[in-house]
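# Residue-level structure breakdown
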Protein chains: 2
Amino acid sequence: MSGRLSVVGLGPGPAAWMTPEASERIAEASDVVGYAPYVARLGLRGDQRTHASDNREELARARFALALAEDGANVAVVSGGDPGVFAMAAAVFEAAEERAAWRAVDISVAPGVSAMQAAAARLGAPLGHDFCAISLSDNLKPWAAVERRLRAAAEGDFVIALYNPASKARPSRIGEAFALLAAMKAHATPVAFARAVGRADERLTLTTLGEADVAIVDMATLVIVGSSETRMIAREGAPPWMLTPRSYGGSR
Amino acid sequence: MSGRLSVVGLGPGPAAWMTPEASERIAEASDVVGYAPYVARLGLRGDQRTHASDNREELARARFALALAEDGANVAVVSGGDPGVFAMAAAVFEAAEERAAWRAVDISVAPGVSAMQAAAARLGAPLGHDFCAISLSDNLKPWAAVERRLRAAAEGDFVIALYNPASKARPSRIGEAFALLAAMKAHATPVAFARAVGRADERLTLTTLGEADVAIVDMATLVIVGSSETRMIAREGAPPWMLTPRSYGGSR
């Protein structure tokens, strides 16, 4: 008899940002599958089997988890942030599509707080109006597709959240993205680099599209680029708040 | 001495989707401000003051909460979903900008699971690749701005999550939006209407851009329109899963 598979969102890091549903799914699991540092943080019981992997082989990990569930296990596939947003849920359903036995597995997704939401919470309300989320990773899509989406996001004057802005293989992709955006958007557009939000080494950097130093951006950084309406609210003795107001184009 | 103000995300409804941080902020609050049905669900203690309001006057509610905090209260402003996504956080910072005493208030945001994430979790992985979130409300922006963003979202081939797709004042806005999108995107594009996800009256409807019956869309509905890569995965004896794969344009 086939078991169950839950794709579980751990949120951006701290336990205070993980939903009760996610905790429950992990507690119920006989087997926990995921990226090793995430699995290590979970404080699992001795009777729970763990299957830690590296962070690259998402599809292999999904197939492995589905095979466990096919054999009757109650599997939790853990994922940072929200598994539905640039994380494990897509890989699990892609793998499930491959085999009838896997399409018959009871698969559910426990959503979570994604990195852009944690970053936004720390910064003020930069996602207060229409926005897009774009992954700058070109592992699984041509760079031309990234450029097309950046261009469309600028044309639509969306706030833009950028995931996976840099990697060892392509450290310059955030620089290329900013060059494209700076040719289409005002140089005074507010920009935030939110690194490791909720973790001990959290670092928030507020800058502008024209003055941003992209060299400080790494894979743990979530980048938010404002719309034409996004502004900084100055405060005495504290960093400014980043706000995209609810109104647009002078409508109040 | 000035108090504190937390803008707290309750998630889409069920307690299992509300973060421990959100629960803690509410438990610590002396005063809870929010839309009446949300406040009624919270099970507050007798020593906590409640200030329920209707759902329209976001800015007035934000000013009221800031005035309480200015007087020393520990205020929780509660918001459905994620307060940073089409919810109360932007209104609070807009209001705070108005007065120096309010800019000095210790304001924090507790993020939450937003409606599009709950809908995605139920559907499969429709937000598995680049996406945008657009509010169809034209209370605070001209309809031309909505159209510009819909057009850009189609040009960028983003998955599109639509918030506030209908209202009593403008029941036809989802119809106008779909007409615009149908002129730019394939009629076979997968579409989901996810109504009241996580609540007793939850209803998921899977359709296509060409065949969608927008008459069933109300204010409790979150709409997801696929990209050119979004597909349905058929299953025996169960509704299909909606998937936007991690790869794009044939890249694997």
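Residues numbered from 1 in each chain as written. Chains lettered and ligands numbered in written order. Predicted model: local features only at pLDDT ≥ 70, side-chain atom pairs only at ≥ 80, totals over all residues. Heavy atoms only, no water.

## Digging into the nonpolar core
Note the cut-off: Buried residues of nine kinds, namely Ala, Val, Leu, Ile, Met, Phe, Trp, Tyr and Cys, make up a nonpolar core once their side-chain atoms join them within 4.5 Å. The cut-offs for exposure are 20% and 50% of the maximum accessible area for each residue type, with area from a 1.4 Å probe on protein chains only; residues under the lower value are buried, those over the upper are exposed, and the others partly exposed. By definition, residues are in contact when any of their heavy atoms lie within 4.5 Å.
The biggest cluster of nonpolar side chains holds 50 residues, and the ones touching the most others in it are Phe 178 of chain A together with Phe 178 of chain B. Sequence-distant contacts of Phe 178 of chain B, that is, excluding residues within four places in its chain, are made with Leu 162, Val 191, Phe 193, Leu 209, Ala 212, Val 214, Val 223 and Val 225 of chain B. In terms of nonpolar packing, the next biggest core, distinct from the first, is built from 42 residues, Met 116, Phe 131 and Leu 222 of chain A together with Phe 131 of chain B among them.

## Here's the deal with the interface of chain A and chain B
Where we set the bar: When two components associate, each loses some accessible surface as probed by a 1.4 Å sphere; the sum of these losses over both components is called the buried area. Here, a salt bridge means any side-chain nitrogen of Lys or Arg that lies within 4 Å of a carboxyl oxygen of Asp or Glu. Think of a polar contact as two N or O atoms within 3.5 Å of one another; within protein, one of them needs to be a possible hydrogen donor and the other a possible acceptor, and neighboring residues in sequence only count if both atoms come from side chains. Helix and strand labels come from DSSP, where a helix needs a run of H or I of at least four residues and a strand needs a run of E of at least two; each type is numbered from the N terminus. Think of it as three bins: nonpolar holds Ala, Val, Leu, Ile, Met, Phe, Trp, Tyr, Cys and Pro, charged holds Asp, Glu, Lys and Arg, and polar takes everything else, Gly as well. Following DSSP output, two strands are said to pair if at least two bridges run between them.
Taken together, the 72 residues of chain A in the interface contact 72 residues of chain B. Interface area, chain A with chain B, both sides summed: about 6,100 Å², of which 59% is carbon and sulfur. The largest contributions to the chain A side of the interface with chain B come from Leu 140, Arg 149 and Arg 246 of chain A, which together make up 14% of the buried area. At the boundary of chain A and chain B, one finds 10 salt bridges. Between Arg 149 of chain A and Asp 130 of chain B there is a salt bridge whose closest N-O contact spans 2.8 Å. One can count 35 residue pairs in polar contact (both at pLDDT 80 or more) joining chain A with chain B. Considering each element in turn, the side of chain A that touches chain B owes the most residues, 7 residues, to helix α7 (residues 143-155) of chain A. Residue composition of the side of chain A that touches chain B, by class: 41 nonpolar, 15 polar and 16 charged. The pairing of strand β7 (residues 131-135) of chain A with strand β7 (residues 131-135) of chain B spans 3 bridges and is antiparallel. Residue pairing for β7 of chain B: Phe 131 of chain A is matched across the bridge by Ala 133 of chain B.

## A word on the environment of Gly 198 of chain A
Inspection of the secondary structure puts Gly 198 of chain A in the loop between β9 (190-195) and β10 (203-208). Separated by 187 residues in the primary sequence, Gly 198 of chain A and Gly 11 of chain A place their C-alpha atoms 9.7 Å from one another.

## With respect to the sheet that holds strand β2 (residues 31-35) of chain B
All names here are of chain B. Rules: Orientation is described by axes fitted as lines to C-alpha atoms, over the contacting stretch for helices, and by angles from 0 to 180 degrees between their N-to-C directions.
Pairing in this open sheet of 5 strands is parallel, and the strands run β3-β2-β4-β1-β5 from one edge to the other. One side of each edge strand has no neighbouring strand; the edge strands of this open sheet are β3 (49-53) and β5 (106-110). Shown here is a sheet whose adjacent strand axes are inclined to one another by a mean of 15 degrees, direction ignored. For strand β1 (residues 4-9) and β5, the ladder comprises 5 bridges, and the chain directions are parallel. Each bridged residue has a counterpart across the sheet, and for Leu 5 the counterpart in β5 is Ile 107. Across the face of the sheet, helix α3 (residues 58-70) comes into contact with β1, β2, β3, β4 (74-79) and β5 while running at roughly 180 degrees to β2. Each of β1, β4 and β5 is contacted by helix α4 (residues 88-96), which is oriented at about 170 degrees to β5, the strand it contacts most.

## Description of the packing of aromatic side chains
Basically, it comes down to this: Note on aromatic pairs: the rings of Phe, Tyr and Trp (six-membered ring only in Trp) are paired at centre separations within 6.5 Å, and the planes decide the class, stacked below 30 degrees, edge-to-face beyond 60, tilted for the rest. Charge-over-ring contacts are defined here by two conditions on Lys NZ or Arg CZ: a distance within 6 Å of the ring centre and an angle within 35 degrees of the ring normal.
Evaluation of the coordinates by the stated rule reveals 10 aromatic pairs over all chains. Ring centres of Phe 86 of chain A and Tyr 163 of chain A lie 4.9 Å apart, and the angle between their planes is 50 degrees; this geometry places the pair in the tilted category. With Phe 86 of chain A in the loop between β4 (74-79) and α4 (88-96) and Tyr 163 of chain A in strand β8 (residues 159-163), the pair connects residues that are 77 residues apart, well separated along the chain. For Tyr 163 of chain A, a relative accessible area of 8% puts it in the buried group. Positioned above the aromatic ring of Trp 102 of chain A is the side chain of Arg 99 of chain A, whose terminal nitrogen or guanidinium carbon lies 4.9 Å from the ring centre. Directly above the ring of Phe 158 of chain A sits Arg 149 of chain B, whose terminal nitrogen or CZ lies 5.6 Å from the centroid.

## Here's the deal with the sheet that holds strand β13 (residues 238-243) of chain A
Residues and elements named next belong to chain A. If you walk across this open sheet you meet the 3 strands as β6-β13-β12, and the pairing is mixed. Of all the strands in the sheet, the pair left with one neighbour each is β6 (124-125) and β12 (231-235). As defined by bridge partners, β6 adjoins β13 across 2 bridges and the pair is classed as parallel. Within the sheet, the bridge partner assigned to Ala 125 lies in β13 and is Leu 243.

## Points about the pattern of salt bridges
Residues and elements named next belong to chain A. Taken as a whole and assessed by the stated rule, the structure comprises 34 salt bridges over all chains. For Glu 28, the salt bridge is made with Arg 4, and the minimal N-O distance between the two is 3.8 Å. One end of the pair, Glu 28, is in helix α1 (residues 20-28); the other, Arg 4, is in strand β1 (residues 4-9), with 24 residues separating them in the sequence. Of the residues examined, Glu 28 reaches a relative accessible area of 38% and is grouped as partly exposed. Across the pair Lys 185 and Asp 157 runs a salt bridge, and its minimum N-O distance is 4.0 Å. One end of the pair, Lys 185, is in the loop between α8 (173-182) and β9; the other, Asp 157, is in the loop between α7 and β8, with 28 residues separating them in the sequence. The two residues Lys 185 and Asp 157 agree in class, both being buried.

## Digging into the state of the cysteines
The condition that has to hold: The rule for a disulfide is simple: a pair of cysteine sulfur atoms within 2.5 Å.
Scanning the model with the defined rule gives 0 disulfides over all chains in all. Counting only cysteine sulfurs, Cys 132 of chain B is the nearest neighbor of Cys 132 of chain A, a cysteine outside any disulfide, at a range of 4.5 Å.

## Structural notes on α7 of chain A
Count 3.6 residues to each turn of an α-helix, and residues three or four apart come out pointing the same way. Residue and element names in this part refer to chain A. Heads up, the rule is: In this scheme, a helix's expected span is set at 1.5 Å multiplied by one less than its residue total.
Counted at 1.5 Å a residue, the expected span for α7 with its 13 residues is 18 Å, and the 18 Å between its end C-alpha atoms agrees. Looking only at α7, the buried set comprises Trp 143, Ala 145, Val 146, Arg 149, Leu 150, Ala 152, Ala 153 and Ala 154. Once α7 ends, the next one or two residues include Asp 157, with phi positive near 55 degrees.

## Looking at the pairing of β1 of chain B
All names here are of chain B. Judged by how many residues are buried, β1 sits mostly within the fold: 5 of 6 residues are covered. Examined bridge by bridge, β1 and β4 share 6 bridges and lie parallel to one another. Across the sheet, residue Leu 5 finds its bridge partner in β4, namely Val 75.

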